[in-house]
Amino acid sequence: MISLRDGLRTASNRLAGGSPETSGSPAPTKSRLAVSPRASKASGHRPKLVLASASPRRLALLEQVGIIPDALRPVTVDETPSRGEVPRHLVQRLARAKAEAAKVLVRAEPDYAKAFVLAADTAVAVGRRILGKPEEGNRATDTLERLRGRNHRVYSAVCLITPDDRKRERVVETRLRFRNFSDAEIRDYIASGEWKGKAGAYAIQGIAGSFVVKLVGSYTNVVGLPLTEVTALLQGEGYPVSQFWPNLAEIETE
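Predicted, not measured: the structure shown is a model, and the values here were computed from it.

This paragraph deals with helix α6 (residues 183–192). Those residues of α6 that fall on the buried side of the exposure criterion are I186, Y189 and I190. Here the buried residues of α6 occupy an arc of 100° about the axis, which is enough to place them on one side. Set apart from the buried face of α6 by more than 90 degrees, the exposed residues are R187, D188 and A191. Here the buried face of α6 lies against α5 (137–147). G193, located one to two residues past α6, shows a positive phi value of around 80°.

Throughout the structure, instances matching the rule amount to six aromatic pairs. Between F116 and Y239, the aromatic rings sit 5.9 Å apart at their centres with planes inclined by 90°, giving edge-to-face as the arrangement. Linking F116 in strand β3 (residues 116–126) with Y239 in the loop between α8 (227–236) and α9 (245–253), this pair joins segments that are 123 residues apart in sequence. Each member of the pair, F116 together with Y239, is buried. Here a set of aromatic residues connected by ring pairs shows up, and it is made of F178, F181, Y189, Y202 and F211.

Calculation rules
- Residues numbered from 1 in each chain as written.
- Predicted model: local features only at pLDDT ≥ 70, side-chain atom pairs only at ≥ 80, totals over all residues.
- Heavy atoms only, no water.
- Buried < 20%, exposed > 50% of the residue type's maximum accessible area, 1.4 Å probe, protein only.
- Helix = DSSP H or I, 4+ residues; strand = E, 2+ residues; numbered from the N terminus.
- Arc of directions from axis to C-beta.
- Contact = heavy atoms within 4.5 Å.
- Phe/Tyr/Trp six-rings, centres within 6.5 Å; stacked < 30°, edge-to-face > 60°.

Shown next as structure tokens:
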């Protein structure tokens, strides 16, 4: 179990340009993750939110729109696709499984027994072929060679469990095309390490942003969490997403 403090520190480091694995780095500048007295006071009048993930990318995206989860409950599920399973169905099934597993944890905790639970899953695919998250450099190289000069799609599913245990779900699809980058660029990208832990062996918010020649759909979906759909789900169920936007403006001007 990862604490919210550790998760937010990781996201804060990422926002400041540092790596969560780097020790001895200078302390980041003041982040919008720091909650002002107004937000702290208001938080007592809103439902709580638990994120079933410790992904620094998803934390940073939520923080971008003023959403700071009250707790993190990352869970582990088997992400192996079923035989013949298409990408859209895979991400929907996994997001639902993560949300349900996290719900079991938080419903046993008095502080979060009536919290919203939010989970997501993302996959990259060429046609029906799901590319996954390569664990070794040679597999990442094979994945990037498959993507260069071609169209591919990124699918994300979001599952929100409400305080009364209703499920709300969305699946988002983004279409991309990469330019025909060279073998040398692939080698250098692999050496950067940026591909590690990433679906499709790339992070669009980093170096790989230079690979994209066309993107149709949600950019934040490709990063790992489609913000339009997440905020719509939360606001539709009474979670006051916009309540903290004035607080963000205050922090920006400090």
